[in-house]
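Examination of the molecular architecture
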Amino acid sequence: MISRRRFLEQASAVAGSVAGSVLLAGSPLVASGMEDVPDTDPKLLERAKALLAKAPLIDTHNDLPTDFLETKNGDLTAFDMNKPQPTLCADIPSLREGRVGVQYWSIYVDSGTQRTHNSMHEALREFDVALRFIHNQPELEQARTADEIEHIHASGRIACLMGVEGGHMIENSAAALRVYYELGARYMTLTHWDNVDWADAATDRPLHYGLTELGEKLVKEMNRLGMFVDLSHVSADTMRDALRVTRAPVIFSHSNAFAICAHPRGVPDDVLRLIPANGGVVHVNFIPAFVSPKAPAWAEKHTAAVKDLHARFDSDKAIADGLAAWIKANPAPRGTIHDVADHIDHIRSVAGIDHIGIGADFYSVAPSSMVEGLDNVTRYPYLFAELLRRGYSDEDVLKIAGRNHLRAMRVMEKAAAELRKSEAPLITEQ
């Protein structure tokens, strides 16, 4: 099974290609050199830190549970999480330095597991390690509602929730969806990189052209449960269908504006314009391939280079060596903290200030895995200092940091409470 880190290296290598492009073999992506990021005004930084402590700062996507499984097979005794952990994408001191008050831990399983029929098994391993981590740390506490988030934050602990990154993990079973909810999942991304039987992904060939009848029923069941419908990773048609069907606010747990970076994972403007009526929130992502405006053009050149190498060489080694040389001569654009702020600016201009959040998607300790200036989980205050520099008000910062998410969550919870009175649970064949 492909690792999260290797998957994102490969996925970055085809950033910006049309949905359904074949992933061609190649060596890992080599990030470009450091780009110019001006010094942050110390006064704005301190102001940002104070606001984030108050907000609270909610990040809707971090892949630490996968890190635990990939580095030590889920053995948490190998790590003292109260000390800096150089091999992990997060630890408690770093989260504190970054002023993180609420963290959604991603339950990630490669979408290829739906073909080997072990998606649910692997998902349970991720839930297990995430829950053991949360419950074994006095500084952390599991939250299940917006009220619990605020109570835990007020107590000085970091509130923790979970999100299921891909509908393949329920294996078409509404029963599995309900069990994941009981374990503490408060969103499910409808697809990951590949289509599922009931919804199209952004990065696969169109199959259903949105949601199937089962997909619509599952969206409604998530509404009834009180679980966010997460539209990151899904095709634009699936986004539109979900927004048509849902009875509660949706989220994009880690997505950016397609108008700024034309990667199929981005949210197009016509969809952004639908968000205010729905009440949902787009949580911006820090991964270079989804942020940098230069990434799509680089991806097209990368794809052309791979095709050329396959035409000229027969051996895997020759192709890999040739691609490594090409990447060294043509480093991928990394993007900067200012590009992330540009995405926020654009979402604000189209959807409005009430519909923006943060979903960084930290998954690796390599600084190049994220844009310049947002290298690790300590760096959130620098993004908000940049927003303050651009003229965002204190209230704007509080909304983006977490209050927009809490508002949407309360609306979702209210809708679920009403729906449970009138609707029975969805029963599926699986």
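Small disclaimer: the values here were computed from a predicted structure and weren't measured. (Residues numbered from 1 in each chain as written. Predicted model: local features only at pLDDT ≥ 70, side-chain atom pairs only at ≥ 80, totals over all residues. Heavy atoms only, no water.)

With respect to the environment of Arg312
Convention followed: Per the convention used, a helix needs a DSSP run of H or I reaching at least four residues, while a strand needs a run of E reaching at least two, with both numbered from the N terminus. For every residue, the accessible area (1.4 Å probe, protein chains only) is compared with the maximum for its type, and the residue is labelled buried under 20%, exposed over 50%, or partly exposed between those bounds. Under this definition, polar contacts are N or O atom pairs within 3.5 Å; protein pairs additionally need one hydrogen-donor-capable and one acceptor-capable atom, and for neighbouring residues in sequence, both atoms have to be side-chain atoms.
If you trace the backbone, Arg312 turns up in helix H14 (residues 295-312). We classify Arg312 as exposed; its relative accessible area is 51%. Counting along the chain gives 273 residues from Arg312 to Asp39, while the straight-line C-alpha distance between them is 46 Å. There is a polar contact of 2.8 Å between the side chain of Arg312 and the side chain of Asp308.

Thoughts on the pattern of salt bridges
For side chains of opposite charge, pairing can occur when their charged atoms come near one another. How we decide: By convention in these notes, a salt bridge is any Lys or Arg side-chain nitrogen within 4 Å of a carboxyl oxygen on Asp or Glu.
For the coordinates displayed, the defined rule picks out 28 salt bridges. Across the salt bridge formed by Asp194 and Arg115, the nearest N and O atoms sit 3.5 Å from each other. Of this pair, Asp194 sits in the loop between strand E5 (185-189) and helix H9 (213-225) while Arg115 sits in helix H5 (residues 113-116), and the two are 79 residues apart along the sequence. Counted as one network, the salt bridges with shared partners bring together Asp342, Asp345, Glu386, Arg389 and Arg390.

Structural notes on the packing of aromatic side chains
Note the cut-off: Pairing of aromatic side chains requires ring centres within 6.5 Å, counting the rings of Phe and Tyr and the six-membered ring of Trp. Pairs whose planes differ by under 30 degrees are stacked, by over 60 edge-to-face, and all others tilted. Geometrically, a charge over a ring is one whose NZ (Lys) or CZ (Arg) sits within 6 Å of the ring centre while staying within 35 degrees of the ring normal.
One pass over the full model with this rule turns up 10 aromatic pairs. Both rings, one in Phe68 and one in Phe79, keep their centres 5.7 Å apart while their planes meet at 50°; by these two values the pair is tilted. Taken together, the residues span a long stretch of sequence, with Phe68 in helix H3 (residues 64-72) and Phe79 in the loop between H3 and helix H4 (92-97) at a distance of 11 residues. Phe79 matches Phe68 in its accessibility class, with the two residues each being buried. Ring centres of Phe286 and Phe362 lie 5.9 Å apart, and the angle between their planes is 85°; this geometry places the pair in the edge-to-face category. In this pair, Phe286 sits in the loop between strand E8 (281-284) and helix H13 (288-291) while Phe362 sits in the loop between strand E9 (356-358) and helix H17 (380-389), placing the two residues 76 residues apart along the sequence. Residue Phe286 shares its accessibility class with Phe362, and that shared class is buried. Seen from the ring of Tyr181, Arg186 lies directly overhead, with NZ or CZ sitting 3.8 Å from the centre. Here the guanidinium or amino end of Arg379 rests over the ring plane of Tyr382, the centre of that ring lying 3.6 Å away.

Brief notes about unusual backbone geometry
In this structure, Pro56 follows Ala55 across a cis peptide bond, with omega equal to -5°. Topologically, Pro56 is positioned in the loop between helix H2 (42-54) and strand E1 (57-62). With phi around 75°, Asp361 is a residue other than glycine that occupies positive phi space. Mapped onto the elements, Asp361 comes out in the loop between E9 and H17.

Concerning the packing of H2 against helix H18 (residues 394-422)
This is how it is decided: Interaxial angle, 0 to 180 degrees, is taken between N-to-C directions of lines fitted to C-alpha atoms, where a helix line uses only the stretch in contact. The scheme is simple: roughly parallel for angles under 35 degrees, roughly antiparallel for over 145, roughly perpendicular for 65 to 115, oblique for anything else. Crossing handedness follows the turn of the near helix against the far one: under a right angle anticlockwise gives a left-handed crossing, and clockwise gives a right-handed one. Whether two residues are in contact is decided by their heavy atoms, any of which lying within 4.5 Å being enough. When residue character is reported, Ala, Val, Leu, Ile, Met, Phe, Trp, Tyr, Cys and Pro are called nonpolar, Asp, Glu, Lys and Arg charged, and the others, Gly included, polar.
Between H2 and H18, the least distance of the axes is 9 Å, while the angle of their chain directions is 50°. Relative to H18, the element H2 is oriented oblique. Two packed elements cross with a definite hand, and for H2 against H18 that hand is right-handed. Mapping the contact onto sequence places Arg47, Leu51, Leu52 and Lys54 in H2 and Asp394, Val397, Leu398, Ala401 and Arg403 in H18. By residue class, the composition of the contact of H2 with H18 is five nonpolar, no polar and four charged.

A look at the side chain of Thr336
Position of Thr336 among the secondary structure elements: in the loop between helix H15 (316-329) and helix H16 (337-350). Judged by relative accessible area, Thr336 falls into the buried class, the value being 7%. Within polar-contact distance, the side chain of Thr336 engages the backbone nitrogen of His338 at 3.0 Å.

Remarks on the confidence of the model for the protein chain
The following threshold applies: The predictor's confidence in any single residue is recorded as pLDDT, a number from 0 to 100.
In the predicted model, the protein chain carries a mean pLDDT of 92, and the fraction of residues at 70 or more is 91%. Below a pLDDT of 50 lies the segment residues 12-36, which in the model reaches 65 contacts outside its immediate sequence neighbourhood of four places, other chains included.

Section: the nonpolar core
Threshold: Each nonpolar core is a collection of buried residues, namely Ala, Val, Leu, Ile, Met, Phe, Trp, Tyr and Cys, held together in the definition by side-chain atoms within 4.5 Å.
Among the nonpolar cores identified, the biggest contains 103 residues, and Leu190, Leu231, Phe286, Tyr380 and Phe384 are the most heavily contacted of them. A total of seven residues in this core trace back to one element, the largest contributor, which is helix H6 (residues 119-136). Not counting residues up to four positions away in its chain, the partners in contact with Leu231 are Leu190, Met239, Ala242, Leu243, Val250, Ile251 and Phe252. Tyr104, Ile152, Ala159 and Leu406 belong to the second largest nonpolar core, which has 19 residues in total.

Points about the pairing of strand E2 (residues 100-107)
The test is simple: When DSSP finds at least two bridges between two strands, those strands are taken to pair.
Counting buried residues in E2 gives eight out of eight residues, a clear majority hidden from the surface. For E1 and E2, the ladder comprises four bridges, and the chain directions are parallel. Across the sheet, residue Leu57 finds its bridge partner in E2, namely Val100. Pairing analysis gives six bridges linking E2 to strand E4 (residues 158-165), with the strands arranged parallel. Looking across to E4, one finds that Ser106 is bridged to Gly163.

What about H2?
The line we're drawing: To estimate how far a helix should reach, multiply one less than its number of residues by 1.5 Å. Our arc is simply the arc of the directions from the helix axis toward the C-beta atoms.
A rise of 1.5 Å per residue sets the reference length of H2, with its 13 residues, at 18 Å; its end C-alpha atoms lie 19 Å apart and thus fit the reference within 8%. Of the residues making up H2, those classed as buried are Leu44, Leu45, Ala48, Lys49, Leu51 and Leu52. The arc that holds every buried residue of H2, seen down its axis, measures 165°, which confines them to one face. Every exposed residue of H2 that faces more than 90 degrees away from the buried side is listed here: Pro42, Lys43, Ala50 and Lys54. Of the surrounding elements, those touching the buried residues of H2 are E1, H17 and H18. N-cap assignment for H2: the residue whose side-chain oxygen lies 2.9 Å from the backbone N of Lys43 is Asp41.

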